[in-house]
Structures are given as structure tokens and as C-alpha cells.
Amino acid sequence: MTTIAVLGNGRVGGNLAAALTRAGHEVTAVDRTPGAAARAARDARIVINATPGEGSLDRLVGLREELRDKILVDVSNATVDGPDGLPGALIYPGSSLAEQLQEALPHTRVVKTLNTMLFPVMTAPAILTQAPDAFLSGEDPQAKQTVRELLVDLGWQKEWITDLGGIQTARATEAAILFVPHVIRSSGFAPFAISIAR
Ligand SMILES: NC(=O)c1ccc[n+]([C@@H]2O[C@H](COP(=O)([O-])OP(=O)(O)OC[C@H]3O[C@@H](n4cnc5c(N)ncnc54)[C@H](OP(=O)(O)O)[C@@H]3O)[C@@H](O)[C@H]2O)c1
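Residues numbered from 1 in each chain as written. Predicted model: local features only at pLDDT ≥ 70, side-chain atom pairs only at ≥ 80, totals over all residues. Heavy atoms only, no water.

Novice: Looking at this structure, how should I read the side chain of Thr108?
Specialist: For Thr108, the position within the fold is in the loop between α5 (97–104) and β7 (109–112). You can call Thr108 buried: its relative accessible area is 3%. Reaching out from Thr108, the side chain makes a polar contact with the backbone oxygen of Leu67 at a distance of 2.8 Å. (Helix = DSSP H or I, 4+ residues; strand = E, 2+ residues; numbered from the N terminus. Buried < 20%, exposed > 50% of the residue type's maximum accessible area, 1.4 Å probe, protein only. Polar contact = N/O pair within 3.5 Å; in protein donor to acceptor, adjacent residues only side chain to side chain.)

Listed below in C-alpha cells is the structure:
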């Protein structure tokens, strides 16, 4: 059992919080109520960022002390939305939100994962007709191992989890968000994941 704070209680945050609670973890999911994120992060071993990517850097840097020595799991995507509300462009081209977070929070172990799929897949990967990939990016092997175990708790088989390497590899998975508006326009909101065929 791990103490987990989920920042953001929307589609992604609410879904992850419910599934991690079902898996036996002690989970607190918080919305934007003032002070709630700081309280939850202070008491947690793992903090999950499921808030909008735009603004995440400022919000999380504001929690620098609460995040000290913690694992920060970043599942967000930092995009400028187009007129239809779908992701249109990257906020950190040539870099990534995850890299910016790791640089700004050197005493926090940032792990990027689960940002390459529609939210229902995060907690039910077996609903897809083909095995999806969950990618891991981060500097700390132990932190990635801890996150890998959380993914297994969420229903991910070990062979579906691919460690891409250091935090810089998150710029690849974050760029994959550029597929999303086109997939949704052509196929609707049916669950999908961006994966590597082998
Ligand atoms: N939806 C997906 O399938 C999907 C897939 C992969 C990654 N992601 C990423 O996951 C993140 C969350 O997406 P979502 O679809 O769950 O969004 P969402 O349903 O809009 O939920 C966002 C959550 O963040 C909170 N929030 C919004 N602005 C905030 C702020 N300024 N300060 C603190 N909290 C704030 C919202 O609170 P309120 O309810 O008060 O607004 C809500 O609880 C995004 O970064 C997104 O790119 C989404």
C-alpha cells in the first residue's frame, strides 16, 4: 500500500484515483481548492500530476518543498489547444514539460508515463484489441521501478511497459500528443493508445 496524491480530479485524475484505490492504495485526489494540493502532496509518497499541462510547471514549482524527495508521476500533456478545443501545438517544442519539471525540481524524481493514450486505457489497457504500450521516462531507476509496479496494479502486463530511458525521452511521448486531434477527428473518442508495433 502506497500513499498517493493525485493532483487534478477530472477525467484522468478521477479515473486513476478510483483505480489505485481499488488496487489497495491510500489515495487523495484534489481539485483546485486552495491549499488542497499542498496538503495532499505533503502526506504522500507519490504525487501524480493530472492537471492541465499548461500551468503545470508553475503549479508544481509552487509545491517544491512538498515534492522534495517524492516521486512525481507526470501524466499531463502541455499543449496549446486549437479552436475546436483539441491539442494543436506543443508548449515546449525542443524540450518537454517533464524535462522542465525535473530541471526545476532537482530534489524530486520525475517519471513521465501514461500520456500517450485516452484516459480509459490508463486503467484498463486490456480493453484494446492490440496490446498497448505504456512508456516510462525518468532519470531514477528506482522511481521508474515503483511506477512500473503501480502500472501493474492498474492492469498493465509487464511486457507492455517500455522504459525509454532518461527524462529527455519524454519529449518523444509528449510530441505524440500531436496525433491525438487527428485520431479523434477520424475515429471519434473510442479508446486508443499510441504504441510501437513489433
Ligand atoms: N483526457 C485524456 O484522455 C488524457 C490523456 C492523456 C493525458 N491527459 C492529460 O491529463 C491532464 C488532465 O486531463 P483531463 O482530461 O483529466 O482534464 P480535466 O478533465 O479537465 O481535469 C483537469 C483537472 O485539473 C483541475 N485543474 C484545472 N485547472 C487547474 C488549475 N489551474 N489548478 C489546479 N487544478 C486545476 C481541474 O479542476 P476543475 O474541475 O476545478 O477545473 C480538474 O480536476 C491534462 O494535462 C491532459 O493533457 C489527458
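Novice: Is there a simple way to explain the site of the ligand in this structure?
Specialist: Surveying the vicinity of the ligand reveals 19 residues, the closest of which are Asn9, Val12, Arg32, Thr51 and Phe119. Separating an oxygen atom of the ligand from a side-chain N or O atom of Arg11 is a distance of 3.0 Å. Between the ligand and Arg59 there is a distance of 3.1 Å, counted from a nitrogen atom to a side-chain nitrogen or oxygen. When the ligand sits alone it has 900 Å² of accessible area, and the protein chains cover 72% of it. When contributions to the shell around the ligand are tallied by element, the ones reaching two or more residues are α1 (11–22) and α6 (119–123). When its residues are assigned to classes, the shell around the ligand shows eight nonpolar, eight polar and three charged. (Near = heavy atom within 4 Å. Areas by Shrake-Rupley, 256 points an atom, 1.4 Å probe, with all protein chains shown as cover. Nonpolar A, V, L, I, M, F, W, Y, C, P; charged D, E, K, R; others polar.)

Novice: How do you make sense of α5 when you look at a structure like this?
Specialist: Three- or four-residue spacings in an α-helix give side chains the same orientation, since the helix completes a turn every 3.6 residues. Where α5 is concerned, the buried positions are Leu97, Ala98, Glu99, Leu101 and Gln102. Next to the buried residues of α5 lie α3 (56–61), β4 (71–74), β7 and α8 (170–175). (Contact = heavy atoms within 4.5 Å.)

Novice: Hey, could you run me through α1 in this one?
Specialist: Here α1 spans 17 Å end to end across 12 residues, near enough to the 16 Å set by a 1.5 Å rise per residue. Within α1, burial applies to Gly13, Asn15, Leu16, Ala17, Ala19 and Leu20. Tucked inside the fold, the buried residues of α1 contact β1 (3–7), β2 (26–30), β3 (46–49), α6 and α7 (141–153). Remark: Gly24 follows α1 within two positions and exhibits a positive phi of approximately 105 degrees. (Expected span 1.5 Å × (residues − 1).)

Novice: Would you take a moment to explain the nonpolar core for this structure?
Specialist: The nonpolar side chains of soluble globular proteins are, as a tendency, buried together. Of all hydrophobic cores here, the largest spans 29 residues; its most connected members are Ile48, Leu114, Leu151, Leu154 and Trp156. Looking at this core, the elements with two or more residues in it are β1, α1, β3, β4, α6, β8 (134–138) and α7. Apart from the residues within four sequence positions on either side, Leu114 is in contact with Leu16, Val75, Met122, Ala134, Phe135, Leu151, Leu154 and Trp156. By size, the runner-up hydrophobic cluster in this structure holds 23 residues, among which are Ala41, Ala44, Leu63 and Ile167. (Core = buried A, V, L, I, M, F, W, Y, C linked by side-chain atoms within 4.5 Å.)

Novice: Quick question: what am I supposed to make of the sheet that holds strand β9 (residues 161–165) here?
Specialist: What holds strands together in a sheet is hydrogen bonding between their backbones, with the strands either parallel or antiparallel. Taken in spatial order, the seven strands of this open sheet run β2-β1-β3-β4-β7-β8-β9, and their pairing is mixed. One side of each edge strand has no neighbouring strand; the edge strands of this open sheet are β2 and β9. Taken over all neighbouring pairs, the strand axes of this sheet differ in orientation by 25 degrees on average, direction set aside. Relative to β7, β4 runs parallel, the two being bridged by four bridges. Bridge pairing in β7 places Leu72 opposite Val110. Strands β1, β2 and β3 of the sheet are contacted by α1, whose axis makes an angle of about 165 degrees with β2. (Pairing = 2+ DSSP bridges. Axes fitted to C-alpha atoms, helices over the stretch in contact; angles between N-to-C directions.)

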